[in-house]
Structures are given as C-alpha cells and as structure tokens.
Amino acid sequence: MAVVLLALNRYGLGHLVRSTVVADALVSEGERPVLFAQGSQRTGAASRFPGRPIPSLWNASDRERQEVSAALVSMAGISSPAVVVEDTYPNPIRLPPDVRRVLLVRPTSFDWLVHLERNHGREFSAFLLCDAPDSPTWPYDRAQTDALARWDRWHVVGPVFRTPTAEEVEEVRRRYRLLDDARPLCVFTMGGGGAAEGHRDDHVRFLELATAAAEVLGGRGAAARLLFVKGPYFPPDVQIPPAFEVVEQEERMPALLKLARGAVIRAGWNTTWECLSAGTPFLPMVGDTFAEPTQARLAGLAARGLVPRDAQQLWLDEGWRGGD
C-alpha cells in the first residue's frame, strides 16, 4: 500500500519530522510510504523515501497546485483505498472525494483544534493528535480533553518525535570530536531557526538568553563547549557572538542533544521532546510560533518537576548565577 505523506510548512521542520517518523512506522509494518516534501527539504531523513520535492502550496500558482494535485492522486491511486497524510495545516489544493485524507496534528492551541474540527471535519477521514492525556506535555485542561474525546474522527497517538539510534549517536560523537574534548557540551538551538511573520524578536530574545547562559557556563570551572546550531531558517544577517561555536545545520539533532550536558532551546514541540527523551536538562524560551501552547506545555512539565516553574528568570537571577 503506497501511503502518500504531504509535508508542508512555512517556518519550521516539525512537519517533516512527523512525516518521516510516520513513514518509518509504515515501513516497519510492510507499507510503502511516498513522501512529497516542500522545496529543498527532501534531504536527510526525507531522502530515505521515494517521492518528490514540491513548492510551498500556499504561494504556488494555480498551475503548480494542479500539477501537485495530479501527482498526489496518481501516486495515492496505486493503492486502494487511496490515502494522503498531511500535517497540522490542511493543504490548499483540491483532492477528489475518493482520496482518504488523514491529518497529523501537532498539539496546538485548543482554539486551532476547534477550527480544524468545525471547518475541516468533513474533509478528513481521521485526525491524529500527536500527544496523549497522560503525557507530561499534554496542554489541554479536563474540559478540553473531554471535548476531544467526543469528536469521533479524532484519535490520540502519543508524542511523535525523533529518537537517535546508537549508530547516529556514535557518528555525532566522532564528528564533533567529543571523545577528545573533556569540556561539558551545551547546545543552543531554536529548532529550525525560523520565526512567524512579524516575530523576528524571537531571534533577539533567544540570543539574549543564550548570551546570559554562556556567561554562566564560561565562568564555572572548566569552560563549557558552547555549540550554537542555527538551523535552515535562521536569518543569515543575525550575528552570533564569538563565544559560540556555530553550526549552520545539524540533521541529527536528537543525537547531538543526547550527548549534551545541557541545552538552551526555543521550546517548540520537537526540540522539547528530543531533550526529554534524551534526559538532557534544558532551559526553555517561549517563542511566538503560530498556535503553539508553549506556556501550558511548560506548566505541565514544571508540575512534574521536569523544568523550573520560571526557568528563564532563574537563569538570569544574579544571586543564583553567583552561587556554586
């Protein structure tokens, strides 16, 4: 069965992460996933699967949309039923009614879930919410959780995120020469490095937090190794302070985070879970990602003792910074 995955987004890489995780799961069950991924993002993990690059469909011409739609239908039609799996944002192209559409949904704000149910409920055979009520990152209260349980096309599938293999961890360890470097490693990352339109201050605020953290880490015993991973969407004109070793992109971030003694992150969905899964302590910054319930997610983590209730304030506190 050739399940077609359609990986589209505007600012980050989460859609591609979830699509490749699902594609791996389908392969393990004997299926043959095909990945249509936006632009140059058919690299790294995405390159393991057959498929093709496509333009951003929100910015595409009518002709380009028709071409992508025809290719999707042709590939999905190899199997019966024909299935196309999308992520979080319903795509803007038309598909015939005999194509079953499934939407992977990042655990967004509840308002966005309501929007999907009310405005797109009839378009999709199923909505797969990529978290679960017993998860430490579940951002919905009791009433919202009960409402979700009553939506008959919605299913919770647990946290969907990347985990590294032992081989990937060893490859990253060798590539960064960590066996020969006794300094503790601290990773700084904004995930893909992009920001929603009108929210460029995310980069400014993150650099301020990263610089404050670097001052602490550089002043305690053996100086830490400070690795700043920019990501593919980080603005090229934003200068990184010289205290940091700059990495343009790292396709194996879960492995790098697993090797880190600590991390400073913009607390998006994937990076948060990559730190949690690795057992890597992290300092989170709340960004301005569209419909991202970061405050609720961090409150849940704080309630379980997984992050301080106000980690950023703690880090910037002069009394704590001056202690042992």
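Since this is a predicted model, take the numbers as computed values, not measurements. (Residues numbered from 1 in each chain as written. Predicted model: local features only at pLDDT ≥ 70, side-chain atom pairs only at ≥ 80, totals over all residues. Heavy atoms only, no water.)

Attention now goes to the overall build of the protein. In terms of regular secondary structure, the protein is built from eleven helices and twelve strands. Residues classed as buried in the protein amount to 52% of the 324 residues present. Relative to all contacts within the protein whose residues are 6 or more apart in sequence, the contacts with residues 24 or more apart total 64%. Just so you have it, the protein exposes about 15500 Å², and 50% of that area is on carbon and sulfur atoms. (Helix = DSSP H or I, 4+ residues; strand = E, 2+ residues; numbered from the N terminus. Buried < 20%, exposed > 50% of the residue type's maximum accessible area, 1.4 Å probe, protein only. Contact = heavy atoms within 4.5 Å. Areas by Shrake-Rupley, 256 points an atom, 1.4 Å probe, with all protein chains shown as cover.)

Once that is clear, we can look at the sheet that holds strand E12 (residues 282-285). The strands that make up a sheet pair up through hydrogen bonds in the backbone, lying either parallel or antiparallel. Taken in spatial order, the five strands line up as E10-E9-E8-E11-E12 in an open sheet, and their pairing is parallel. Looking at strand neighbours, the two that pair on one side only are strand E10 (245-247) and E12, the edges of this open sheet. Across the sheet, the axes of successive neighbouring strands diverge by a mean angle of 15 degrees, strand direction being ignored. Where strand E11 (residues 262-266) lies against E12, four bridges are found, and the strand directions are parallel. Among the inter-strand pairings, valine 264 is bridged to a residue of E12, identified as leucine 283. Contacting strand E8 (185-189), E11 and E12, helix H8 (residues 269-278) runs over the sheet at an angle of about 160 degrees to E11. (Pairing = 2+ DSSP bridges. Axes fitted to C-alpha atoms, helices over the stretch in contact; angles between N-to-C directions.)

Tracing the backbone through its elements, the reader meets methionine 253 in helix H7 (residues 253-259). As a C-alpha pair, methionine 253 and cysteine 275 span 22 residues in sequence and 9.8 Å in three-dimensional space.

For the rest of this paragraph, the subject is the pattern of salt bridges. Counted under the stated rule, the structure contains 17 salt bridges. Here arginine 106 makes a salt bridge to glutamate 292, at a shortest N to O gap of 2.9 Å. Residue arginine 106 is found in the loop between strand E5 (99-105) and helix H3 (110-120), and its partner glutamate 292 is found in the loop between E12 and helix H9 (294-303); the two are separated by 186 residues along the sequence. The burial state of arginine 106 is the same as that of glutamate 292; both residues are buried. The salt bridge partner of arginine 173 is glutamate 170, with a shortest N-O separation of 3.1 Å. (Salt bridge = Lys/Arg side-chain N within 4 Å of Asp/Glu carboxyl O.)

Glancing now at the sheet that holds strand E6 (residues 126-129). Read across the open sheet, the seven strands follow the order E3-E2-E1-E4-E5-E6-E7; overall the sheet is parallel. The sheet is open, and its two borders are formed by strand E3 (51-54) and strand E7 (154-156), each paired with just one other strand. On average, each strand axis in the sheet is tilted by 20 degrees relative to the strand beside it, whichever way the strands run. Bridge count between E6 and E7: three bridges; the pairing is parallel. Its bridge partner lying in E7, phenylalanine 127 is registered against tryptophan 154. Here H3 sits on the sheet and contacts E5, E6 and E7; the angle it forms with E6, its principal contact strand, is near 170 degrees.

Across all of its chains, the model carries zero disulfides by this definition. Considering cysteine sulfurs only, cysteine 186 is the nearest to cysteine 275, which forms no disulfide, with 9.7 Å between them. (Disulfide = S-S within 2.5 Å.)

Bringing the environment of tryptophan 154 into the picture now. Here tryptophan 154 lies in strand E7. On the accessibility criterion, tryptophan 154 (8% relative accessible area) is buried. Spatially, the C-alpha atom of tryptophan 154 lies 9.8 Å from that of valine 105, the residues being 49 residues apart in sequence. Among the polar contacts listed, one links the side chain of tryptophan 154 to the side chain of glutamate 117, at a separation of 2.7 Å. (Polar contact = N/O pair within 3.5 Å; in protein donor to acceptor, adjacent residues only side chain to side chain.)

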